[in-house]
Amino acid sequence: MTTVIADPEPEAPRKPLRTKVVESNNQLFRASPLNYLVLVLTFFLSVFPLYWMLVMASRTNDEIVQIPPKLIPGSHLGEHVGALFDNPDVMFAKALLNSFIVAGSITLFVVIFSALAGFAFAKLRFRGSNVLIGLVVLTMMVPVQLGAVPLYMMMDWFGIQGTLPTVILPYLASGFGVFLMRQYASQAVPDELIEAARVDGATTIRIFWSVVLPALRPAAAILGLFTFMTYWNDFLWPYVALSPEHPTVQVALSRLSSGYYTDQSLVMAGTFMATLPLLVVIVLFGRQLISGIMDGAVKA
Amino acid sequence: MSDITAPVTPARARSPWRSRLSRWDQKGSPYAFVSPFFILFGIFGAFPLLYTFWVSLHSWPLLGEHTFTGLDNYQKLLQDPQFWNAAKNTLGLFLVSTVPQYVLALWLAVTLNRKIMARTLFRVGVVIPNITSVAAVTLIFSMIFAKGFGLANWIIGWFGLEAVDWTAHTWSSWLAISMMVDWRWTGYNALIFLAAMQAISSELYEAAAIDGATRTRQFWSITLPMLRPTLLFTTITSIIGGVQLFTEPLLFAPGAGAIQGGTLRQFQTLTMYLIENGFTRFEFGYAGAVAWMIFLLVLIISLINILLVRRISGAD
Amino acid sequence: MSPSMRGTRRMIAVAAVAGVALSMAACGSDDEGGSGSNEKITLKVSTFGTFGYDALYKKYEASHPNIKIVESNEGDLGKYTTALTQRIAAGSGAGDVVAIEEGAIVNFLKAPDKFVNLQDEGFNEIKGNWLDWKNAQATTADGKTTIGFGTDVGGLAMCYRTDLFKAAGLPTDREEVSKLWPTWDDYIATGKKFQAGTKGDAKFVDSATNTYNSILMQEAGEAPGYTYFDRDNNLVFDSNPAVRSSWDTTAKVLDAGLSANLKSFTAEWSAAIKNGGFATLACPAWMTANIKGDGGDAGAGKWDIATVPGGSGSWGGSFLGVPTQGKHQKAAVELAKFLSSPEGQLSAFDEAGNLPSSPKDFDNPALKDFKNEYFSDAPVADIFVEGAKNLKPVYLGAKNQAVRDAIENDLRSVEQGQRTSEEGWQNAIKSAKAAAGV
């Protein structure tokens, strides 16, 4: 998956926006100590619940329920994580792998399909395109929960009930992705470039691969990142649809936290391990994620 | 508008075959390009939704006989106090969480929109909550809001206050759930507002500064009006998310009957009511009707918003 | 075309292929081959909580070399039942043998064709293996179809903390404690004494709902033999005197301030077991494993078990059914028979503490003489069997679980002090109607 988003450095077409932002940055007020106080406090509040998760994950069950609470991490994290992976009912290692497969496949296809459709909507003229883009926006408003039961029956007709494709297929059409790509493509892909390629006799699909897709890479990277995070974290449908032998990591988590007796520190260790990959992602791609959120906002 | 390419006239003469092929390509490709999305959505999005509508016209227990009842389910739903209670909670929770969230996010955006050291660190810091899964957020916050050993009660104990049974009361449960939602989304929205602020031309501020306007005044008379389109856009997103609020209230008070959202149904949202009818009562017909009411609600609110946005962007 | 563009294209092509390959790999099915009798077949057993079947699987596989057993287990009963119901309705995805809890089996009896009728599989010859009321629960109203073999019963007792009792000046010996509460009114009176004598924050009872459900099953067993629905499945919530009087007795417990107001099986409830937050807990056999799990080593020897007020009761207990969607129904029925046989139940008791539903086991020394070390060496089986043997069958309507969930919530609103008992009752009537869909 990472091959697609490995090189999110924007190419030529994005230059104008960059310089504009930098310019306005030069005009900014200097931050006061009060501002720093607000920022530090916000940072603390943002990170604290995750820190608290680590504290609980590294303490024994007895310590978790003590008053006054223990505020610093204990020494049992390794032990709990070990217990997590050793528990055959939870299948945590398999769940992690499954989540990678699910979130990864969805990401790949969503990016490709969204780029195709987004390009078509932004740059190609065809009858009905206005109605169709309206439909795309409409699709963003359909919550999956509404169709859970028919969807479940359909998976059965296809004979794939309970397996990983049941939680991959319904998510491959992303209205948000198409919309994002359309917005981005209409600004980032110069019409002249497409026209020039056409004059050279390039087919539309060839124009897509060699002109449009490279220009869309920054947006594709962001869409990929968001899609991956969303489906890594997805819970309800996988919970309903997957058979117990094919858990994703969120489903495995819920299996840890339910049941007649619950080991809270183990649950927290599981939550920690389920969040860790995304924390790694944000450390590696934090800058791109932020510019993605901000670009999406300006262009939408 | 720039997003429509002018038809390309071939510069050189081509063989008729090639030009026909090229015409097909230009006519057909757009449809081919958008078709994967629409085919997939048709199968996995539209069909289940339409099928749900068909189901909603029936008395359809999960096990047992199905009978066609027309619009009976809808009629019953409109007179169902539990449905309206869920609608009220959904709207209430949306307001209680969104209003402070926007105020905080704006404040944060203004603060971030300055010359600051370690800019990326602070920005990454505020989106960290957003990458945490809802399930994880709720598990963590449920421990924090535990009645007996939770951090929240320990802290209010410093001020000599009585421990609160957070899941029991309307105000306390709404407060706790709003905090989960806001923790996850305030930083994200702040970044969106920040982006919009940075796109505002600095000349406007310079002119205002020359006229002697204070920073506060500049915020109210320049920043906020210029942010209006962005605010409306994020509001749509928040509404769609808010109407579907589910995991936080569900996992907040776990155990038997969790789907009812508290002992007084004080934090049962519409989606929870949908799932309760479908998967506790196993009445798919009625649940289907709830599903369609939610869908219509989202649709109406969003359409109003889209019209508003269009009018405002048209006025620019 | 620039080299970098070509590079991108190749990269994406490779990624696409990899993605497809990944999702294909994920499709890898676990279907079994044909159904020839000597062919190797895999039977899937779906359970929730702890059934204690590991030893039995090994034994069965040893004597049936062509059979491989795979158990899939779900911790939470509610989620398990929802998923099972969905899979039964969808017509696929359920196990070959499925565990069904007593609250859920009524719902499945509405669609008996989804399960193998065990009466066609020799059930009538072996029905003496189970208590009568247990068999009645798994049989349709016309008596012609039985969809489950009984596994365990939740024969009820009262677990109590000897250390807290001692501190409050109450007797601690299990015989004497049992004598404290022949009736629920005596139990409440004891609770008041406890509350007056105790020094810490401990409450007498964990929550209203466990008490309420125990009382209800006793009262309904006396008369009229059903709870929220009569035998024609009409909702009789507000006209059944057994329901009202159970509600009122529970309200007395609450008015006396005896409840710790902790919802069962939540993190807080578990913490209270550990920290001594309450002194008594209505306690079916399977609950002993919970207490031990939550209480940990520190709790060993602090608990004991007395009889439940009113003398008998049942909470929980399950069945094994064979869905007709399965590919190997004959083999599945055989396995279910084996697992639920008197010997099988005894083995499960050994492994998980689940009380057998077979009267043939009740006099077996392996059960009778068993003493639970964690519970101050209480002769657990003896106490629980007393709770189960005398129980009269109670009919639960098809929507029992939905109504029960709804009105328990109203009861808890009284417990939290948000409504008076009467307000709670009035609201419960409405909730019951909504949940029953009338």
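Since we're looking at a predicted model, the values are computed, not measured.

**Considerations on the overall build of chain C**
Each helix and strand in chain C was counted, giving 20 helices and nine strands. Against the compact-globule benchmark of 22 Å for 438 residues, chain C has a radius of gyration of 25 Å, which places it among compact chains. With respect to the principal axes defined by its C-alpha atoms, chain C has extents near 85 × 65 × 50 Å. Put simply, chain C has 438 residues, and 59% of those count as buried. Taking the contacts inside chain C whose residues are at least 6 apart along the sequence as the reference set, 76% of them involve residues at least 24 apart. As displayed, chain C offers around 16600 Å² of accessible surface, 51% of which is attributable to carbon and sulfur atoms. With 44 positive and 55 negative side-chain charges, chain C shows a separation of 5 Å between the mean positions of the two kinds.

**Overview of the overall build of chain A**
What chain A contains, in helices and strands, is 15 helices and zero strands. Looking at chain A as a whole, 62% of its 300 residues are labelled buried. The long-range fraction of contacts in chain A, counting pairs at least 24 apart against all pairs at least 6 apart in sequence, stands at 73%. On chain A, roughly 11600 Å² of surface is accessible, and the fraction owed to carbon and sulfur atoms is 65%.

**What about the environment of C:Leu235?**
Residues and elements named next belong to chain C. Tracing the backbone through its elements, the reader meets Leu235 in the loop between helix 10 (208–222) and helix 11 (241–255). Taking the C-alpha atoms as reference points, Leu235 and Gln345, 110 residues apart in sequence, are found 35 Å from one another. Leu235 has contacts with Tyr228, Phe229, Val403, Ala432, Lys433, Ala436 and Val438, leaving out every residue within four places of it along the chain.

**Points about the interface of chain A and chain B**
Where interface size is given, it is often the accessible area lost as the parts come together that is meant. The interface of chain A with chain B comprises 106 residues on the first partner and 91 residues on the second. Taking both sides of the interface into account, the surface hidden between chain A and chain B amounts to around 9200 Å²; carbon and sulfur atoms contribute 76%. In this structure, the connection of chain A to chain B is made through nine residue pairs in polar contact (both at pLDDT 80 or more). Here the side of chain A that touches chain B gets 16 residues from one element, more than from any other, and that element is helix 15 (residues 264–299) of chain A. Residue classes in the side of chain A that touches chain B are distributed as 72 nonpolar, 23 polar and eleven charged.

**Description of the pairing of strand 2 (residues 67–74) of chain C**
Residue and element names in this part refer to chain C. Two elements, strand 1 (residues 41–48) and strand 2, share eight bridges in a ladder whose sense is parallel. In the strand pairing of strand 2, Ser46 is matched with Ser72. Note that the unit made of strand 1, helix 2 (residues 54–63) and strand 2 has a crossover that is right-handed.

**Considering the interface of chain C and chain B**
Between chain C and chain B, the residue contacts involve 34 residues of the former and 29 residues of the latter. Buried surface at the junction of chain C and chain B, summed over both partners, amounts to about 2400 Å²; 55% is from carbon and sulfur atoms. Considering only the side of chain C, the residues that lose the most area to chain B are C:Glu268, C:Asn409 and C:Gln418, jointly responsible for 21% of the buried surface there. At the boundary of chain C and chain B, one finds one salt bridge. Linking C:Lys399 and B:Glu283 is a salt bridge whose minimum nitrogen-to-oxygen distance equals 2.6 Å. For the interface between chain C and chain B, the tally reads ten residue pairs in polar contact (both at pLDDT 80 or more). When contributions to the side of chain C that touches chain B are tallied by element, the ones reaching two or more residues are helix 3 (77–90), helix 4 (102–108), helix 12 (267–275), helix 19 (400–415) and helix 20 (421–436) of chain C.

**Thoughts on the confidence of the model for chain C**
Residues and elements named next belong to chain C. Across chain C, pLDDT averages 85, with 91% of residues at or above 70. Model confidence for chain C, summarised as mean pLDDT per element, is weakest for helix 1 (residues 3–27) at 38 and strongest for helix 14 (residues 329–340) at 96. The low-confidence segment residues 1–36 (pLDDT under 50) makes 42 contacts with residues lying over four places distant or belonging to another chain. Interface scoring of the predicted complex returns ipTM 0.80; its pTM is 0.82.

**Regarding the packing of aromatic side chains**
Within this structure, the stated rule accounts for 66 aromatic pairs over all chains. Ring geometry for C:Phe48 and C:Tyr80: centres 5.2 Å apart, planes at 45 degrees, overall tilted. You can see C:Phe48 sitting in strand 1 and its partner C:Tyr80 sitting in helix 3, a full 32 residues away along the chain. Three or more aromatic residues joined by ring pairs form one cluster here, namely C:Tyr160, C:Phe165, C:Trp181, C:Trp184, C:Tyr187, C:Phe194 and C:Phe204. A cation sits over an aromatic face here: B:Lys76 above B:Tyr286, 4.7 Å from the ring centre.

**Regarding the environment of B:Lys147**
Along the chain, B:Lys147 turns up in the loop between helix 5 (134–144) and helix 6 (151–158). Linking B:Lys147 and B:Ala163, residues 16 residues apart in sequence, is a C-alpha distance of 7.0 Å. Other than its neighbours up to four places away in sequence, B:Lys147 contacts B:Asn153, B:Ala163, B:Val164, B:Asp165, C:Ala260, C:Asn261, C:Leu262 and C:Glu268. A polar atom in the side chain of B:Lys147 sits 2.8 Å from the backbone oxygen of C:Asn261.

**Considering the packing of helix 6 (residues 92–123) of chain A against helix 10 (residues 175–188) of chain A**
Residue and element names in this part refer to chain A. In contact at an axis separation of 7 Å, helix 6 and helix 10 are set at 50 degrees when each is read in the N-to-C sense. In this view, helix 6 runs oblique relative to helix 10, as classed from their interaxial angle. Regarding helix 6 and helix 10, the two cross each other, and that crossing is right-handed. Each of Val111, Ser114, Ala115, Ala117, Gly118, Phe119, Phe121, Ala122 and Lys123 in helix 6 lies in contact with helix 10, whose residues at this interface are Gly177, Val178, Met181, Arg182, Ala185 and Ser186. Here the residues of the contact of helix 6 with helix 10 sort into nine nonpolar, four polar and two charged.

**Thoughts on the domain arrangement of chain C**
Residue and element names in this part refer to chain C. For chain C, the assigned domains are domain 1 (41–153 + 317–366) and domain 2 (154–315 + 378–436). With centres defined by C-alpha atoms, the gap from domain 1 to domain 2 works out at 27 Å. Of the residues lining the interface, 16 residues belong to domain 1; the matching set on domain 2 comes to 18 residues. Across the domain 1 to domain 2 interface the summed buried area is about 1500 Å²; carbon plus sulfur atoms make up 65%. When residues of domain 1 are sorted by the area they lose upon contact with domain 2, Val106, Trp133 and Leu355 head the list and together hold 36% of the total. Seen at the junction of domain 1 and domain 2, the total is zero salt bridges. Viewed at the interface, domain 2 and domain 1 are joined by one residue pair in polar contact (both at pLDDT 80 or more). The set of elements that each furnish at least two residues to the side of domain 1 that touches domain 2 consists of helix 4, strand 4 (149–161) and helix 15 (342–352). Top contributing element to the side of domain 1 that touches domain 2 by residue count: helix 4, with four residues. For the side of domain 1 that touches domain 2, the class distribution of residues is eight nonpolar, five polar and three charged.

**What to know about unusual backbone geometry**
In this model, C:Ala223 is joined to C:Pro224 through a cis peptide bond whose omega is 5 degrees. Within the element layout of this structure, C:Pro224 appears in the loop between helix 10 and helix 11. Positive phi, normally seen in glycine, also occurs at B:Phe282, with a value near 55 degrees. B:Phe282 gets classed as buried once you look at its relative accessible area, which sits at 10%. Positive phi outside glycine occurs at C:Asn261, with the angle close to 60 degrees. Counting through the fold element by element, C:Asn261 comes out in the loop between helix 11 and helix 12.

**With respect to the UniProt feature "transmembrane region" (unreviewed entry) in chain A**
When the UniProt feature table is mapped onto this chain numbering, "transmembrane region" (unreviewed entry) sits at residues 34–54, 95–119, 131–152, 158–180, 207–232 and 266–285 of chain A. Structurally, residues 95–119 of chain A is divided into 100% helix and 0% strand, and its ends, taken at the C-alpha atoms, are 35 Å apart.

Conventions and cut-offs
Residues numbered from 1 in each chain as written. Chains lettered and ligands numbered in written order. Predicted model: local features only at pLDDT ≥ 70, side-chain atom pairs only at ≥ 80, totals over all residues. Heavy atoms only, no water. Helix = DSSP H or I, 4+ residues; strand = E, 2+ residues; numbered from the N terminus. Rg over C-alpha atoms; globule rule 2.2 N^0.38 Å. Buried < 20%, exposed > 50% of the residue type's maximum accessible area, 1.4 Å probe, protein only. Contact = heavy atoms within 4.5 Å. Areas by Shrake-Rupley, 256 points an atom, 1.4 Å probe, with all protein chains shown as cover. Lys, Arg positive; Asp, Glu negative; His and termini not counted. Charge placed at Lys NZ, Arg CZ, Asp CG, Glu CD. Buried area = accessible area lost by both parts, 1.4 Å probe. Polar contact = N/O pair within 3.5 Å; in protein donor to acceptor, adjacent residues only side chain to side chain. Nonpolar A, V, L, I, M, F, W, Y, C, P; charged D, E, K, R; others polar. Pairing = 2+ DSSP bridges. Right-handed = clockwise from strand over helix to strand, strands pointing away. Salt bridge = Lys/Arg side-chain N within 4 Å of Asp/Glu carboxyl O. pLDDT = per-residue confidence, 0-100. Phe/Tyr/Trp six-rings, centres within 6.5 Å; stacked < 30°, edge-to-face > 60°. Lys NZ or Arg CZ within 6 Å of the ring centre and 35° of its normal. Axes fitted to C-alpha atoms, helices over the stretch in contact; angles between N-to-C directions. Parallel < 35°, antiparallel > 145°, perpendicular 65-115°, else oblique. Left-handed = near helix turned anticlockwise from the far one by under 90°. Domains from an automatic or database assignment. UniProt positions renumbered as here; feature names shortened; annotations may be inferred.

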